[in-house]
Amino acid sequence: MIDLLLALSAGILFGFVLRRYPEWAKQVPLAITVGLFALIFTMGLQVGGSSEVMNSIMQIGLQAASFALFTVCGSVLFSLPLALWWKKKPGGGHHA
Amino acid sequence: MIFALIATLLAGIAVGVFWLPVGSLDTVSEGVTYTLYLLLFLIGADMAGSGNLWKRFRQLDRRLYLLPILSILGSVLAGAFTGQLFHIGFWQGAAIGGGMGWYSISGVLLGQTLGAQFGALAFLTNIFRELYAFVLMPFLFRRGFGPSAITVGGATTMDTTLPIINRYGGAEMTLVAILHGLVCSAAVPIIVPFLASLVH
């Protein structure tokens with residue numbers, strides 16, 4: 001967890017420096033999009049390449065997929081009233 | 001864009017199953033780690049570059065601090081319900097739900113306390129949760145679910161799913177996601193063993 005926070009913090013410091021170079025700063029969202037695709041592809045590679053995970057999917061995949069779906073729905077449903085309440089606030093729902 | 005992301009994920013899985021050379025999984029894992037570091041670095045730069053970061057942190061709606069608590073509560077209760085549904089036990093299901101997408105630690109913790117079968121189920125359930133997050137988050141943000149969309153990612157919202165949140169939710173949701181991920185990550189090593197200890 002610490003290493004992730006360090007990477008984020010280093011990026012924040014770099015971002016302050018980058019304010020002096022607006023042309024470079026404009027390229028950051030594009031780099032994030034490219035990196036996002038790279039991350040998702042390698043995550044897929046990691047799942048597909050792991051025989052342990054793939055064998056587990058054959059055995060208990062349906063049960064695990066259902067479990068995950070229900071827990072996701074639980075989190076979303078429980079937080080939905082908060083999200084609706086937040087959106088009612090003037091300016092709520094707008095991205096900063 | 002959303003379908004392109006889903007296609008990329010499926011392509012990665014297909015390449016992993018059919019073409020990944022044996023023994024190269026460690027290299028792939030390293031690749032994931034370094035890509036993640038680079039992305040977090042870029043997200044940090046983007047956050048700092050697009051306005052006064054500290055002011056935005058201070059201005060963050062205090063009500064959103066409740067998000068991780070509701071997210072964990074919903075996941076644990078839904079896990080308990082699913083445990084009953086599949087006849088594997090209320091507390092066992094709750095403990096699996098308490099993993100919040102952190103597959104490595106929840107799998108190990110439940111493997112140690114409830115046995116290998118539950119460890120495997122927790123591991124796979126939380127892998128699925130992370131995969132669902134990649135697929136569902138963009139749709140939920142587009143449909144106006146706002147902070148609720150973040151909860152899909154569980155503990156991963158401060159790492160692997162943060163780029164998706166940054167892309168589809170914007171700067172404010174990125175800050176909320178970091179908070180959500182931090183609280184969930186801190187809670188998982190506490191709540192999973194606690195819920196597992198309630199199994200008779």
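Residues numbered from 1 in each chain as written. Chains lettered and ligands numbered in written order. Predicted model: local features only at pLDDT ≥ 70, side-chain atom pairs only at ≥ 80, totals over all residues. Heavy atoms only, no water.

Description of the overall build of chain B
At step 1: Regarding its fold elements, chain B presents 9 helices and 0 strands.
At step 2: N-terminal to C-terminal, the α/β element order of chain B is α-α-α-α-α-α-α-α-α.
At step 3: Here the C-alpha atoms of chain B give a radius of gyration of 18 Å, agreeing with the 16 Å that 2.2 N^0.38 yields for 200 residues.
At step 4: Considering only C-alpha atoms, chain B reaches an extent of 55 × 45 × 25 Å along its principal axes.
At step 5: Burial status across chain B gives 58% buried among its 200 residues.
At step 6: Taking as baseline every contact in chain B between residues at least 6 positions apart, the subset at least 24 positions apart corresponds to 67%.
At step 7: Entry remark: accessible area of chain B is about 8,000 Å², with carbon and sulfur atoms responsible for 68%.
At step 8: Charged side chains of chain B number 9 positive and 7 negative; the gap between the two group centres comes to 15 Å. (Helix = DSSP H or I, 4+ residues; strand = E, 2+ residues; numbered from the N terminus. Rg over C-alpha atoms; globule rule 2.2 N^0.38 Å. Buried < 20%, exposed > 50% of the residue type's maximum accessible area, 1.4 Å probe, protein only. Contact = heavy atoms within 4.5 Å. Areas by Shrake-Rupley, 256 points an atom, 1.4 Å probe, with all protein chains shown as cover. Lys, Arg positive; Asp, Glu negative; His and termini not counted. Charge placed at Lys NZ, Arg CZ, Asp CG, Glu CD.)

Considering the pattern of salt bridges
Residues and elements named next belong to chain B.
At step 1: With the rule as written, the count across this model stands at 2 salt bridges over all chains.
At step 2: The shortest N-O distance in the salt bridge between D61 and R63 comes to 2.8 Å. With respect to class, D61 is no different from R63; both count as buried. (Salt bridge = Lys/Arg side-chain N within 4 Å of Asp/Glu carboxyl O.)

Observations regarding the layout of surface pockets
All names here are of chain B.
At step 1: Computed from the structure, the largest pocket encloses a volume of approximately 490 Å³.
At step 2: Looking at the lining of the largest pocket element by element, the count peaks at 5 residues for helix α2 (residues 25-49).
At step 3: Partitioning the lining of the largest pocket into residue classes produces 10 nonpolar, 8 polar and 3 charged. (1 Å grid on protein atoms, 1.4 Å probe; cavity = no way out; pocket = protein on both sides within 12 Å on 5 of 7 lines; lining within 4 Å. Points joined across faces, edges and corners; volume = space filled by probe spheres on them. Nonpolar A, V, L, I, M, F, W, Y, C, P; charged D, E, K, R; others polar.)

Quick word on the interface of chain A and chain B
At step 1: Between chain A and chain B, the residue contacts involve 65 residues of the former and 96 residues of the latter.
At step 2: Surface buried jointly by chain A and chain B totals about 7,100 Å² across both partners, of which 80% is contributed by carbon and sulfur atoms.
At step 3: Counting across the chain A and chain B interface gives 0 salt bridges.
At step 4: When residues of the side of chain A that touches chain B are assigned to their parent elements, the largest contribution, 27 residues, is made by helix α4 (residues 51-88) of chain A.
At step 5: Class assignment of the residues belonging to the side of chain A that touches chain B gives a composition of 41 nonpolar, 20 polar and 4 charged. (Buried area = accessible area lost by both parts, 1.4 Å probe.)

Focus: a nonpolar patch on the surface
At step 1: A contiguous nonpolar patch, built from L77 and F78 of chain A together with L73 and L77 of chain B and spanning about 370 Å² of accessible area, is present on the exposed surface.
At step 2: Residue assignment for the nonpolar patch shows that the elements contributing at least two residues are α4 of chain A together with α4 (67-85) of chain B.
At step 3: The class of L77 of chain A is exposed, set by a relative accessible area of 58%. (Patch = residues over 30% accessible without salt bridge, like charges linked within 9 Å, V, L, I, M, F, W, Y side chains within 5 Å.)

Points about the packing of helix α6 (residues 103-114) of chain B against helix α7 (residues 116-142) of chain B
A pair of packed helices is captured by two measures, namely the crossing angle of their axes and the spacing between those axes.
All names here are of chain B.
At step 1: Where α6 contacts α7, the two axes come as close as 7 Å, and the packing angle between them is 165°. Taken as axis vectors, α6 and α7 run roughly antiparallel relative to one another. Between α6 and α7 lies a crossing whose hand is right-handed. The residues of α7 that touch α6, namely those facing Y103, S106, G107, L110, G111 and L114, are A116, F118, G119, A122, F123, N126, I127 and E130.
At step 2: Class assignment for the residues of the contact of α6 with α7 results in 8 nonpolar, 5 polar and 1 charged. (Axes fitted to C-alpha atoms, helices over the stretch in contact; angles between N-to-C directions. Parallel < 35°, antiparallel > 145°, perpendicular 65-115°, else oblique. Left-handed = near helix turned anticlockwise from the far one by under 90°.)

Remarks on the packing of aromatic side chains
At step 1: Per the stated rule, a full pass over the model turns up 9 aromatic pairs over all chains.
At step 2: For the pair F128 of chain B and Y132 of chain B, a centre-to-centre distance of 6.1 Å together with 35° between the ring planes defines the contact as tilted. One end of the pair, F128 of chain B, and the other, Y132 of chain B, are both in helix α7, 4 residues apart, so they sit about a helical turn from each other.
At step 3: Taking relative accessible area as the criterion, F128 of chain B reaches 15% and is therefore assigned buried.
At step 4: Note that R63 of chain B overlies the ring of W85 of chain A, its terminal NZ or CZ placed 4.6 Å from the centroid.
At step 5: We note R167 of chain B situated over the ring of Y168 of chain B; from NZ or CZ to the ring centre the distance is 5.3 Å. (Phe/Tyr/Trp six-rings, centres within 6.5 Å; stacked < 30°, edge-to-face > 60°. Lys NZ or Arg CZ within 6 Å of the ring centre and 35° of its normal.)

Some words on the packing of α4 of chain A against α7 of chain B
At step 1: Contact pair α4 of chain A / α7 of chain B: the axes reach a minimum separation of 6 Å and the direction vectors enclose 55°. In terms of axis orientation, α4 of chain A runs oblique to α7 of chain B. Relative to α7 of chain B, the crossing made by α4 of chain A is right-handed.
At step 2: Class assignment of the residues belonging to the contact of α4 of chain A with α7 of chain B gives a composition of 19 nonpolar, 6 polar and 1 charged.

Observations concerning the environment of F139 of chain B
At step 1: Secondary-structure assignment places F139 of chain B in helix α7.
At step 2: You can call F139 of chain B partly exposed: its relative accessible area is 30%.

Observations concerning the state of the cysteines
At step 1: Scanning the model with the defined rule gives 0 disulfides over all chains in all.
At step 2: The thiol of C184 of chain B is not disulfide-bonded; the next cysteine sulfur, from C73 of chain A, is found 16 Å away. (Disulfide = S-S within 2.5 Å.)

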